[in-house]
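# Examining the three-dimensional arrangement
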Amino acid sequence: MKIFIALLGLFFLVSAQRKDEDWDEVLWFQACEFVLQYHSQWPMRRTVIVYHPLKNRENYMKELAMDFSRRLSQAGVSSTFVRIPGPNTVEVLRLKEPNQPTIFCVLMLTPNDATSGFVRAAADSGGTKGDLVSWMHLSFAEKQRFLTADVGLRPDTQLVSAKFQSAGVTNLYLWNGIEHVSTKSPWLGSSRPIPADAVDQPNMDLTGQKLSVAIFDDPPFVIAPVTLNKTINESQISGWMVDVWKDLQGYLKFSSTYYKPTRIDLSVGVFRRAVEELKSGRADVVLYPFVVTADDIDIADFSMPVTNLKYRFLLPRVSAKSTIDQFIQPFHILMWRVIAAVLTLAVILITVSYMFGRLYGFEEEGTPIFQLKDSIMIIYGSLFAQGPDFSPLSYSGRMVIWMSFVFGVLVSQAYSAALISKLTVGTLAPPFTTLDEMTSSTYTVIYRPDSAPQRLVDTARKGAWRELGDRKPYPRVMTNLPDAITEVSNSWTETTLLEAKERMLPLINLPPLNCKTIMLPTDIINTQGQLMLSKSSPYKAAIDQQLISMLASGRLARARATWLGQYFEEPCPKETTLPQFGMVSVVLPFAILIGGLVVAVVLLAAEFTIKKWFGRLLNEEEGPTALQEIARRNGFRISKHWMKVKNSLPLGPKNSGNEQ
C-alpha cells in the first residue's frame, strides 16, 4: 500500500513538472522582445500584461514580470500586470470609462483554459470591442488554441496572434472577424522588424497634409515674435521644440501653418488655452512641452515624450561679506574649541613633564626650560609647522611635542585646503533642499498658472503638495517668468520660484537679472514634456513613431544640446556661503593625537615612579662628598647623573675634599 501511494505521488509530481515544461523561459524573453519591437513600430500608450504563474514558482514569475515592466517603462509605455486566474481581473482594463484611449491587452504565454476564461469575462464587460481594447495573444506554437468567437471575440475585435517556435521563428495571424488569417511573412526574432501586414496600420504617411500649429512663446522651447492672432511665417520662429517639429516635417512630408492664440485672460495658463484651441478646431497640434497628469488623458491626446523637465527652487543670491568670519568658517566653531582645548592640554603636559624632570634630575643642566610661556610658544607654534630646535630628555615630554607637531601640521594643512576651496569654489548652504523642508520654512513659493507644480497642488489630496497649497503664506501665481525671477531677486520678503531648470537657466545670467539668483541643485519634479494633439488625432501615430526613431538616433538629444548645451551647468558663479568642517571630517587626526597624549601620560607616570622609588645613589666613594653632604642637609636625593651635575658646580673635583 505504501509503495502504491509513493508511486501515485511520483506520478502527480511528474505530471506537474510536465505541465510546467510547457512553459519555456527562452520563449518568454522572445515574447518580451516581440512586444517591445511592436511598440517601436506602432507605439502603445498603455498595456495590460496578463500572465499565469507557474506552479510553485510564483516569486520567479513575479521577478520576470517586474523586469519586463521596467523595460516597458524605459520605452515610454505605461504597463499594468494581471495574474490569472483571479477575481475581477478584467477591471484593470477600465472598460466602462468614456473616451478612454485604446489599451493593448497582451496575453503572455497563458494556458488555454485560463486564457479563455479571461477573454470571456472581458467580452461580458464589453472589452472585446475594437475601439476599447486591442488584443495581442502570444502563445506556444501547436500547444495553444486560437481565440475564437466562442470565447467572445467580436467581428470588430482587433487581435494579432503570435505563435512562438523554439527555432526563433514566430508565425503571425490576424483576426478578420471570422477566422485567423496568416500574414505573408513570419517574425524572425529580436532586432528584426515585424511584417507590416501584422496589424491594421494607422496612417503613417502624412505627405501633403497641412497641420495647423498653435504656438506659445516659451524660451528656449519656442521663441516667437510678439503678434496676436496672426499667421506667422516659419522663418519667424525658433527654439528647441521648433527644431524638433521641423525635423518631423522633413521626415513625414507635411506642412504647417503657425499662429499665436489671442491672449484674453492673463490668469488662464497655457494648458487650458491649448485645450480650448484644440477643441475649437483651430489647432491640430500645440507646440509646447506639456506635463501630463492622470487627469489629462481624456482631455486631449499627447505625443511620445520630447524632452525632460527638471523643476527646481530658485532663491535670491546672498552677497558675500568681507569679515573675519570668512576665515573662521572653514572650521566649525566646535572644532576650533576642541583644537584650542587639546593644544592647551599639551602645553600643560609638557610643562609638568619638564618640572618633574628638573626636580628628579633626568633633565640635564643647560637644557632650555620648558616653562609655561615657553611651552605655549612651542605647542601653538606647531599650527604653523614650526618645530623647536631642542627637545626634553624625558620620553613623555618628547611624545607630547612630537604628537603636537604632527597634529598641528594636519590641522594647518586641512585649514589651508578649506580656505582655498572656499575662496575659489564655495558651496551653497540653502535654507531648504526638498519640498517637505520648503513647506516647513517661511518662504513664499511662486509658480506660473497651469504649470506642473500648480496642477499638482490643485489635484493633491494629501502629502507635501497638499500642504504647500494649504500653508501660509499661500503660493503666488505669476504669468511672466522673467517677472517672477525678478520678484525673487528683488523682493524684501522671502520668496522662491518653482519652475523648470531648462526655462530658468537661459534667463538668470542676463540683464536685468545678472546672476542675482541661485538655483538649488535638488530636482523637486523630474518629468517629461509632450506635444498636445486633438482627441483621437489621425496624426498621432505617425508623429509618435517618428519621435521614437528620432530618440533612438540621438536627434532629440542633439536638439537639446543645441539650445541648452551652454547651460547644462549654472552659468552664474557659485554661492559664497562657506563650507564648514565638522568633527566627523577629522576623526582620524584627533584619534592619533588623543592616543599619543594617553601614551605620554603613561610614560610620565612610569618615569616619575621609577625615579622616585627605584632611583639609586651612587656611593662607590668612601665618605660623603661635598655635593652629597649638601644634598643630605637639604633633604634631596641624588640620581645616577650626580657626577655631571657635580662637574657643573663651582666645586671642582680637586677641591671637593678640602671643602668638605
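Not measured: the values here are computed from a predicted model.

We now examine the UniProt feature "transmembrane region" (unreviewed entry) in the protein chain. The feature "transmembrane region" (unreviewed entry), as annotated in UniProt, sits at residues 334-356, 400-420 and 581-606 in this numbering. Within the segment residues 334-356, helix and strand shares are 100% and 0% respectively, and the terminal C-alpha atoms sit 33 Å apart.

Here the focus is the pairing of strand 13 (residues 307-316). Counted residue by residue, strand 13 has seven buried out of 10 residues, so it is predominantly covered. Relative to strand 18 (residues 525-533), strand 13 runs antiparallel, the two sharing five bridges. Among the inter-strand pairings, Leu-309 is bridged to a residue of strand 18, identified as Thr-527. Summarising the sheet, strand 13 and strand 17 (residues 517-519) pair through three bridges and their orientation is antiparallel. For Pro-316, the partnering residue across the bridge sits in strand 17 and is Thr-517.

Below, the discussion takes up a nonpolar patch on the surface. Where nonpolar side chains cluster on the molecular surface, the patch consists of Ile-594, Val-598 and Val-602 and spans about 270 Å² of accessible area. With respect to the secondary-structure elements, Ile-594 resides in helix 18 (residues 587-613). For Ile-594, a relative accessible area of 47% translates into the label partly exposed.

Before going further, it helps to spend a moment on the environment of Val-275. Locating Val-275 in the fold gives a position in helix 6 (residues 270-280). Sequence spacing of Val-275 and Val-286 is 11 residues, and the spatial spacing of their C-alpha atoms is 8.8 Å. Those residues in contact with Val-275, other than ones at most four positions away along the chain, are Ile-299 and Met-532.

Attention now moves to the pairing of strand 18. Burial within strand 18 is extensive, with seven of its nine residues counted as buried. Pairing between strand 12 (residues 301-302) and strand 18: two bridges, direction antiparallel. Opposite Phe-302, over in strand 18, you have Met-532 as the bridge partner.

All right, on to helix 14 (residues 481-490) then. Every buried residue belonging to helix 14 is among Leu-481, Ala-484, Ile-485, Val-488 and Ser-489, and all of these are buried. Considered in projection along helix 14, the buried side chains sweep an arc of 135° and stay on one side of the axis. Where helix 14 is buried, its residues contact strand 13, strand 14 (444-447), strand 16 (495-500), helix 15 (501-504) and strand 17. Sitting at the amino-terminal end of helix 14 is Asn-480, which places a side-chain oxygen 3.1 Å from the backbone nitrogen of Asp-483.

Cis rather than trans, the peptide bond between Ile-84 and Pro-85 has omega equal to -5°. Turning to its location among the elements, Pro-85 is positioned in the loop between strand 2 (78-83) and strand 3 (103-108). Notably, Lys-253 is not glycine yet its phi reads approximately 65°, a positive angle. On the secondary structure map, Lys-253 appears in the loop between helix 5 (240-252) and strand 10 (255-259). The class for Lys-253 is exposed, based on a relative accessible area of 52%.

Further remarks concern the sheet that holds strand 5 (residues 158-164). With mixed pairing, seven strands are arranged side by side in an open sheet as 2-1-3-4-5-6-7. Because the sheet does not close on itself, it has two edges, and the strands there are strand 2 and strand 7 (180-182). Taken over all neighbouring pairs, the strand axes of this sheet differ in orientation by 25° on average, direction set aside. The pairing of strand 4 (residues 133-140) with strand 5 spans seven bridges and is classified as parallel.

Rules used in this analysis
- Residues numbered from 1 in each chain as written.
- Predicted model: local features only at pLDDT ≥ 70, side-chain atom pairs only at ≥ 80, totals over all residues.
- Heavy atoms only, no water.
- UniProt positions renumbered as here; feature names shortened; annotations may be inferred.
- Helix = DSSP H or I, 4+ residues; strand = E, 2+ residues; numbered from the N terminus.
- Buried < 20%, exposed > 50% of the residue type's maximum accessible area, 1.4 Å probe, protein only.
- Pairing = 2+ DSSP bridges.
- Patch = residues over 30% accessible without salt bridge, like charges linked within 9 Å, V, L, I, M, F, W, Y side chains within 5 Å.
- Areas by Shrake-Rupley, 256 points an atom, 1.4 Å probe, with all protein chains shown as cover.
- Salt bridge = Lys/Arg side-chain N within 4 Å of Asp/Glu carboxyl O.
- Contact = heavy atoms within 4.5 Å.
- Arc of directions from axis to C-beta.
- Polar contact = N/O pair within 3.5 Å; in protein donor to acceptor, adjacent residues only side chain to side chain.
- Axes fitted to C-alpha atoms, helices over the stretch in contact; angles between N-to-C directions.

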